[in-house]
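# Observations on chain architecture
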Amino acid sequence: MEPLAKPSGITLRDHRQHVYDEALALLDAHPFWEEKYKALTGDDLRYRLRRVAWWHDAGKAHPIWNDACQFDYNLYRSWRQQQGMLAQESDPMRNAADFRKYEAAMRKAKKNSSPRLMQAHLRHEFDSLAQALKQLKGDNALTLAEQVAIAAHHGKLNHRHVDRWRNDGKVPQGDEVGPYWSLWENFNNRSDLIGSGGKSLRSKDDWKIRVLERYRVAALRSLLQLADTRASRRESGGKVPDLEPFHYHFPDHWAKRDVQEAVLTGADQPVCILRAKTGSGKTDAALLWAKYQVTQNRADRLVIAMPTRFTSNALAISVDKNVSSTGLYHSSAWYTRYGDVSEKDRDDAKELHKLARGLATPVTVCTIDHLLLCLTGTKEDQHTSFFFLANSAVVFDEADFYDPFVQGNLIVLLNTLRLLKVPVLIMSATVPDSLRVRYKIPDEIINVKAGERVAKCPIVWRGAAECPEDVEDILNDMVKRGTGIVYANTVDRAYAYYQWFAAKHKNGGPKPVLYHSRYTEPDKKAIEEQLIKMLGKDAWTEYENASGIAILTQIGEMSINISAPIMLSDACPWDRLAQRAGRLDRFGLDPTGGLLYVVEPYRDGVSYPAPYGELPKGGSGWIPADAFTQTVQELSEEFNETPTPVSSTEFVERVNNLYKEQPDFTSKIEQNCDRLKDLMKLNWMIVPDQYADEDQVTVFGQWKSRDIPPQKTVFIVPPGSDADQGDENVYVFKNWDAFRGYELEFGISCPDYLERMGNERKQLYSLCFRVGDDKGKKDIHKILILVDGIYTPKIGLALLGKGEKTDRAKGIIHD
């Protein structure tokens with residue numbers, strides 16, 4: 001009987017040919033991959049990929065595996081007959097497509113659709129590798145990269161699966177280990193020895209060699225997995241998303257602006273910094289730069305890394321208009337892109353989402369955290385994103401946003417991209433000259449100066465302000481005009497302004513809209529749309545109906561394309577103030593350039609610099625950052641209640657003066673960078689048994705992307721249709737995807753201290769849940785639910801932690 005590849009009835013011969021054809025089709029459509037692989041490794045990618053595609057499933061012919069597969073196929077045939085269908089269709093593709101219905105029926109009946117295979121205790125890829133090593137000898141022997149590709153194509157080259165390597169295929173009463181244990185030991189030894197004489201040697205060259213060896217291995221590893229997945233989806237009747245090439249068309253009716261001409265002057269630099277004012281057209285400049293890199297055969301796709309999820313969302317929408325296809329990836333991107341997708345289309349949407357996660361779309365917009373996490377090699381799919389990153393042109397937008405902690409990580413990333421010959425463009429409105437030195441970029445910054453006709457930003461300094469009443473004259477002017485933007489440094493201050501404007505709105509004043517980071521994803525999306533409708537470009541230019549007051553925290557510095565002729569801002573470092581000022585008369589409708597009022601935030605009668613500074617543990621107050629202190633000093637000494645115009649060039653000069661020299665990295669930052677490089681060296685080939693938190697971007701106990709306080713997720717409602725309520729009031733989610741969907745729709749991340757304050761005030765209660773059929777005590781998890789009224793779509797979590805504390809023993813405690 002001919003060996004099967006799957007219990008759906010697809011034969012091994014057919015499936016192997018499908019994967020082989022799919023692999024070659026990928027290379028035919030993307031010749032750049034082969035050219036770059038040859039340049040960096042000296043090897044022939046097509047030859048290697050053909051070999052691993054041919055051998056990757058040879059182990060499915062093993063008697064133990066194939067007998068089990070045949071048994072499960074017969075179960076499927078019996079089910080077909082029970083449903084009134086033929087036991088076997090003449091078209092094997094039809095059999096495979098119907099198998100999906102069978103799997104769904106078995107899930108509903110809480111049965112396994114492939115029970116014998118689950119009990120076979122033989123991973124077919126282990127035996128595939130053993131067979132290939134036995135058959136291919138001498139000059140024809142498998143390279144390490146080929147061995148890894150075969151062994152890892154189902155994600156089992158992982159320390160979590162070491163018991164499978166040890167025990168699979170073991171004969172009862174036979175040896176202590178199975179026949180594949182020596183393969184694992186070989187991988188382990190080779191992982192340690194590549195680029196060094198052993199684990200004890202930790203040199204710079206060791207790290208460089210492992211980066212390049214990881215690329216050599218990741219190419220075959222990722223492309224085999226991609227070809228296998230695509231072939232399997234075609235076999236079962238699923239849609240296979242196209243891997244389109246990068247294509248950007250600069251609109252014919254546009255004339256290139258200064259920034260779009262300037263960016264091409266540095267397009268041949270390995271790493272280029274572009275400095276241009278907010279709203280000058282940097283996004284299309286980046287796309288023109290990427291198009292040039294593709295035409296010069298230095299890349300075949302574009303990755304744009306943003307500082308936050310919110311900026312990623314906004315940019316992905318604007319970029320999507322003129323390029324071939326745009327993927328969006330960050331920890332909540334699934335909801336942003338596919339939250340409204342029907343159940344019918346969900347499976348296809350997941351495939352598109354996977355491409356974006358792997359940086360395999362023509363343009364991928366993501367956070368810098370996603371790129372940093374892919375370096376760590378702590379998950380199987382990070383080898384895919386590493387390979388596609390190596391084939392990309394990379395843009396870092398809003399680069400002045402990063403603090404020294406992130407800058408340290410970014411240096412490791414930039415050094416990796418240099419090794420992989422990846423062209424890089426760094427963009428910002430106010431990036432200081434000193435960062436060029438920090439990032440070791442030899443070429444001068446491309447500085448795009450604003451034209452003479454560009455209005456300057458008039459700034460008025462109003463001194464200290466603790467509450468809205470301290471600046472009531474400014475707020476009343478906004479009410480009179482019907483529009484305005486307020487930037488507050490903290491959610492508490494923003495909420496106080498919102499309450500002031502809400503009272504005015506009840507008496508006929510303009511509608512206030514509050515926006516900060518503590519909303520659910522659906523509500524964030526709705527608020528962004530509302531702000532654009534109120535104060536976006538169309539509201540000012542096309543419909544001429546702009547109205548409303550936007551009250552924003554730092555989340556609104558970069559992600560929202562809105563404008564108003566009057567703005568009030570808490571003091572912040574000059575580079576952040578320049579970003580906020582970019583929303584003042586953004587569309588150039590006010591001949592004076594608008595009016596920006598700046599105040600020094602106070603709390604309890606003293607200056608309150610949060611979040612620009614540090615709050616020591618056990619300390620009595622915030623220690624301001626030097627940049628905050630210097631900016632406030634310059635504002636108080638050089639500005640007054642007479643408007644003083646500041647040009648974009650002057651903003652840059654002030655930022656350069658603020659950061660004349662970048663401070664030396666602290667030992668904490670240096671240790672974190674070293675840990676990132678250690679992870680890259682240790683995990684270049686074998687996935688570790690380590691927990692990587694994608695939301696907080698940390699690798700447990702070793703490395704983190706950002707130096708932020710620990711976060712907790714709280715939920716605005718208990719699980720509803722997402723989960724069934726099982727025994728003992730434990731909610732049961734079908735799988736982790738179902739829980740993740742609930743978390744993305746109803747969860748909000750907030751600092752630990754805020755969760756603690758909410759508990760003290762009895763604003764939260766806990767519920768238990770588990771996933772699937774797991775019923776052990778360790779499988780029970782707790783979530784925190786907000787009591788009614790603490791969260792609303794209008795104000796978000798502004799009330800969490802406010803009010804009187806309640807102590808179970810002592811009753812009410814007044815703050």
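Just so it is clear, the model here is predicted, and its values are computed rather than measured.

Looking now at the pattern of salt bridges. Counting across every chain of the model gives 47 salt bridges. A salt bridge links Asp28 to Arg46, with the nearest nitrogen and oxygen atoms 2.8 Å apart. Here the residue Asp28 occupies a position in helix α1 (residues 12-29), and Arg46 occupies one in helix α3 (residues 45-55), the gap between them amounting to 18 residues. Take Arg46: its relative accessible area is 22%, and that puts it in the partly exposed class. Across the pair Lys704 and Asp707 runs a salt bridge, and its minimum N-O distance is 3.1 Å. The partly exposed category is assigned to Asp707, whose relative accessible area is 34%. When salt bridges with common partners are traced through the structure, they connect Arg80, Glu89, Arg94, Asp98 and Lys101 into a single cluster.

This part is about α3. Those residues of α3 that fall on the buried side of the exposure criterion are Leu45, Arg48, Leu49, Arg51, Val52, Ala53 and Trp55. The residue sitting at the N-terminus of α3 and contributing the capping side-chain oxygen is Asp44; that oxygen lies 3.1 Å from the backbone nitrogen of Arg46.

Most peptide bonds are trans, and most residues other than glycine sit at a negative phi. Residue Pro611 is reached from Ala610 by a cis peptide bond, and omega for that bond is 5°. Within the secondary structure, Pro611 sits in the loop between β14 (606-607) and β15 (613-614). Positive phi is not limited to glycine here, since Leu359 has a value of about 60°. In this fold, Leu359 is placed in the loop between α16 (343-357) and β4 (363-367). Phi at Lys440 takes a positive value of approximately 55°, unusual for a residue other than glycine. Of note, Lys440 is situated in the loop between α20 (433-438) and β7 (446-447). You can call Lys440 exposed: its relative accessible area is 66%.

With that settled, the discussion passes to the packing of aromatic side chains. Across all of its chains, the model carries 31 aromatic pairs by this definition. Both rings, one in Phe715 and one in Tyr742, keep their centres 4.7 Å apart while their planes meet at 0°; by these two values the pair is stacked. Pair noted here: Phe715 is in strand β21 (residues 711-715) and Tyr742 is in helix α29 (residues 736-746), with a separation of 27 residues, a long-range link. On the basis of an interplanar angle of 35° and a centroid distance of 5.6 Å, the ring pair of Phe733 and Tyr742 is categorised as tilted. With a relative accessible area of 0%, Phe733 lands in the buried category.

Another aspect to go through is the confidence of the model for the protein. Interpretation of this model should avoid reading the predicted coordinates in detail wherever pLDDT is low. Chain-level statistics for the protein give a pLDDT mean of 89 and a share of 92% at 70 or above. The low-confidence segment residues 196-202, where pLDDT is below 50, has 9 contacts with residues more than four positions distant or belonging to other chains. Scored below 50 in pLDDT, residues 807-815 makes 12 contacts in the model with residues more than four places away or belonging to other chains.

Let us look at the sheet that holds strand β6 (residues 424-428). Taken in spatial order, the 7 strands of this open sheet run β3-β4-β2-β5-β6-β1-β7, and their pairing is parallel. On the outer flanks of this sheet lie β3 (326-329) and β7, each paired with one strand and no other. Note that strand β1 (residues 271-275) and β7 share 2 bridges and pair parallel. Each residue of the ladder has a partner; that of Arg275, found in β7, is Asn447. Contacting β1, β5 (392-396) and β6, helix α19 (residues 404-419) crosses the sheet at an angle of about 155° to β5.

To continue, consider the nonpolar core. Trp33, Trp165, Phe187, Leu371, Phe396, Leu413 and Ile426 are the most contacted members of the largest nonpolar core, which totals 114 residues. Counting residues per element, this core draws most heavily on helix α11 (residues 204-235), at 12 residues. Setting aside anything within four residues of it in sequence, one finds Phe396 in contact with Ala305, Ile368, Leu371, Leu410, Leu413, Leu414, Leu417, Val424, Leu425, Ile426 and Met427. Residues Val513, Ala627, Ala738 and Ile790 belong to the second largest nonpolar core, which totals 91 residues.

Calculation rules
- Residues numbered from 1 in each chain as written.
- Predicted model: local features only at pLDDT ≥ 70, side-chain atom pairs only at ≥ 80, totals over all residues.
- Heavy atoms only, no water.
- Salt bridge = Lys/Arg side-chain N within 4 Å of Asp/Glu carboxyl O.
- Helix = DSSP H or I, 4+ residues; strand = E, 2+ residues; numbered from the N terminus.
- Buried < 20%, exposed > 50% of the residue type's maximum accessible area, 1.4 Å probe, protein only.
- Polar contact = N/O pair within 3.5 Å; in protein donor to acceptor, adjacent residues only side chain to side chain.
- Phe/Tyr/Trp six-rings, centres within 6.5 Å; stacked < 30°, edge-to-face > 60°.
- pLDDT = per-residue confidence, 0-100.
- Contact = heavy atoms within 4.5 Å.
- Pairing = 2+ DSSP bridges.
- Axes fitted to C-alpha atoms, helices over the stretch in contact; angles between N-to-C directions.
- Core = buried A, V, L, I, M, F, W, Y, C linked by side-chain atoms within 4.5 Å.

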